[in-house]
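# Commentary on secondary and tertiary structure
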Amino acid sequence: MKVLFMGDVVGKPGLLAVRTLLPRLIGRHSVDLVIANAENSEGGAGISPESAEQLLASEVNLLTSGNHFWTKKQILPWVEENPHLLLRPANYPKGAPGRGHTVIQTPDGRKLGVINLEGRVFMKPLDNPFALAPELVAELRKQTNCILVDMHCEATSEKNAMGAHLDGKVSAVVGTHTHVQTADERILPGGTAFITDVGMCGPLDSVIGIRKELSVERFLTLRHNQYEVAKNLVYLQGVVIDINEQTGKARSIERVREQLPGT
Ligand code: FE2
């Protein structure tokens, strides 16, 4: 089974990159299932029903998220109706809207379990994702050997620790949130595919997707200005992971980095 996981989709440029570039990528890599972290797909922070539906209409099978899951309030009634199309981090408090894990399947019925987690270093004090992950893995294992974890967090150490924690127990641990694609993709000793950060689908001529001038001004003056999504050097970034469906172990992980023409 081949899974394409795309990094944080940032605003309209990210949506356009996915819509334009994804069909060709699916063909070239013989992709069976597509997942995208969508938490910045509406205006660079948060998700709207429109941005979620646009991604799902662009052949994306499942959306994951992170700390911006409910930045746009209009997503909450939508996710109540579509809990299996958009995940929030599973280690949010009990009673939070949405859910943090699900199972998706290919048209011919091959299943992939997906878990979304959020880290705690330099982030909100959520429940411990390291304690929760094995419980969710055990639950998903009843349905499939193939499991992917989106570890949404700031610190490279926390993402690498989650990779080590789940090595041999899941097919892949992929990092999101920092929007900067790392060059450390590899298969861990137990057979789990890992990358510290898959990158983003959005404008690279920016500060993690946001107009450079606005970000620099914020660092200079600490003024809380309104962020705007940048426009140039738009890329689709992600990884293609090949999973052995019998064992649930990864055969390969390959970085994807493709520029939207004209940007
Ligand atoms: Fe994030």
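See the structure shown above.
Residues numbered from 1 in each chain as written. Predicted model: local features only at pLDDT ≥ 70, side-chain atom pairs only at ≥ 80, totals over all residues. Heavy atoms only, no water.

## A word on the overall build of the chain
- In terms of helices and strands, the chain carries 6 helices and 13 strands.
- The C-alpha radius of gyration of the chain comes to 17 Å, within 12% of the 18 Å expected for a compact globule of 263 residues.
- A burial count over the chain gives 55% of its 263 residues as buried.
- Put simply, of all contacts in the chain between residues at least 6 apart along the chain, 65% involve residues at least 24 apart.
- Each charge class in the chain can be summarised by its mean position, and for the 28 positive and 29 negative side chains these summaries are 1 Å apart. (Helix = DSSP H or I, 4+ residues; strand = E, 2+ residues; numbered from the N terminus. Rg over C-alpha atoms; globule rule 2.2 N^0.38 Å. Buried < 20%, exposed > 50% of the residue type's maximum accessible area, 1.4 Å probe, protein only. Contact = heavy atoms within 4.5 Å. Lys, Arg positive; Asp, Glu negative; His and termini not counted. Charge placed at Lys NZ, Arg CZ, Asp CG, Glu CD.)

## Quick word on helix 2 (residues 49-57)
- For helix 2, the complete set of buried residues consists of P49, S51, A52 and L55.
- Looking at the buried side of helix 2, the elements it contacts are strand 2 (8-9), helix 1 (11-29), strand 4 (62-64) and helix 3 (75-81).
- Of the residues trailing helix 2, E59 is marked for its positive phi of about 70°.

## As for the side chain of N67
- Relative to the helices and strands, N67 is located in the loop between strand 4 and helix 3.
- Engagement of the side chain of N67 in a polar contact is seen with the side chain of H152, the distance being 3.0 Å.
- Setting aside residues no more than four positions away along its own chain, N67 makes contact with E39, Y92, E118, M123, K124, H152 and H177. (Polar contact = N/O pair within 3.5 Å; in protein donor to acceptor, adjacent residues only side chain to side chain.)

## Some points on the coordination of the iron ion
- At the metal site, the iron ion is ligated by E39 (OE), N67 (OD1), H152 (NE2) and H177 (ND1), and these contacts range over 2.0 to 2.3 Å.
- What the 4 donor atoms of the iron ion show is an angle range of 84 to 161° at the metal, which sorts the shape as irregular.
- Between consecutive donor residues of the iron ion, the sequence gaps follow E-x27-N-x84-H-x24-H. Here E39, found in the loop between strand 3 (33-37) and helix 2, pairs with N67, found in the loop between strand 4 and helix 3; they are 28 residues apart in sequence, far enough to count as distant. Here E39 matches N67 in class, with each residue buried. (Donors = N, O, S within 2.8 Å, 3.2 Å for Na, K, Ca; no water. Tetrahedral: all angles 85-135°; square planar, octahedral: opposite > 155°, others 65-115°.)

## Focus on the environment of S252
- Mapping S252 onto the fold places it in strand 13 (residues 250-259).
- Through-space distance from the C-alpha of S252 to that of T192 is 9.3 Å; in sequence the pair is 60 residues apart.

## With respect to the packing of helix 1 against helix 2
- Relative to each other, helix 1 and helix 2 sit at 15°, their axes nearing to 9 Å. Between helix 1 and helix 2, the angle is such that the two are roughly parallel. Between helix 1 and helix 2 lies a crossing whose hand is left-handed. Two secondary-structure elements touch here, helix 1 through L15, V18 and R19 and helix 2 through S51, Q54 and L55. (Axes fitted to C-alpha atoms, helices over the stretch in contact; angles between N-to-C directions. Parallel < 35°, antiparallel > 145°, perpendicular 65-115°, else oblique. Left-handed = near helix turned anticlockwise from the far one by under 90°.)

## Re the pattern of salt bridges
- For the coordinates displayed, the defined rule picks out 14 salt bridges.
- Of the charged contacts in the structure, one is a salt bridge between D205 and K212, with a shortest N-O distance of 2.8 Å.
- Take D205: its relative accessible area is 28%, and that puts it in the partly exposed class.
- For R211, the salt bridge goes to E213, with nearest N and O atoms at 3.5 Å. (Salt bridge = Lys/Arg side-chain N within 4 Å of Asp/Glu carboxyl O.)

## Considering the sheet that holds strand 7 (residues 147-152)
- Across the sheet, which stays open at both edges, the 6 strands sit in the order 5-6-7-8-10-9 with mixed pairing between neighbours. Single-partner strands in this sheet number two, and they are strand 5 (101-105) and strand 9 (186-187).
- Against the sheet, helix 4 (residues 129-141) touches strand 5, strand 6 (111-118) and strand 7, its axis set at about 165° to strand 6.
- In this fold helix 5 (residues 156-166) packs onto strand 6, strand 7, strand 8 (172-176), strand 9 and strand 10 (193-195), with an angle of close to 170° to the strand it touches most, strand 8. (Pairing = 2+ DSSP bridges.)

## A few points about helix 1
- With 19 residues, helix 1 extends 25 Å from end C-alpha to end C-alpha; this agrees with the ideal 27 Å at 1.5 Å per step.
- Where helix 1 bends most, at L21, the angle is about 45°, and the proline P23 comes one to four residues later.
- Turning to helix 1, its buried residues number three or more, namely G11, P13, G14, L15, A17, V18, L21, L22, L25, I26 and H29.
- A positive phi of about 50° marks S30, the residue just after helix 1. (Expected span 1.5 Å × (residues − 1). Bend = angle between axes of the 7 residues up to and from the residue.)

## Focus: the packing of aromatic side chains
- Under the definition given, this model contains 2 aromatic pairs.
- Note on F69 and W70: the rings are 5.7 Å apart at their centroids and 40° apart in plane angle, and the pair reads as tilted.
- The buried category is assigned to F69, whose relative accessible area is 0%.
- The ring of Y227 carries R218 above its face, with NZ or CZ at 3.8 Å from the centroid.
- Just above the ring of Y235 sits the side chain of R257; from NZ or CZ to the centre is 4.5 Å. (Phe/Tyr/Trp six-rings, centres within 6.5 Å; stacked < 30°, edge-to-face > 60°. Lys NZ or Arg CZ within 6 Å of the ring centre and 35° of its normal.)

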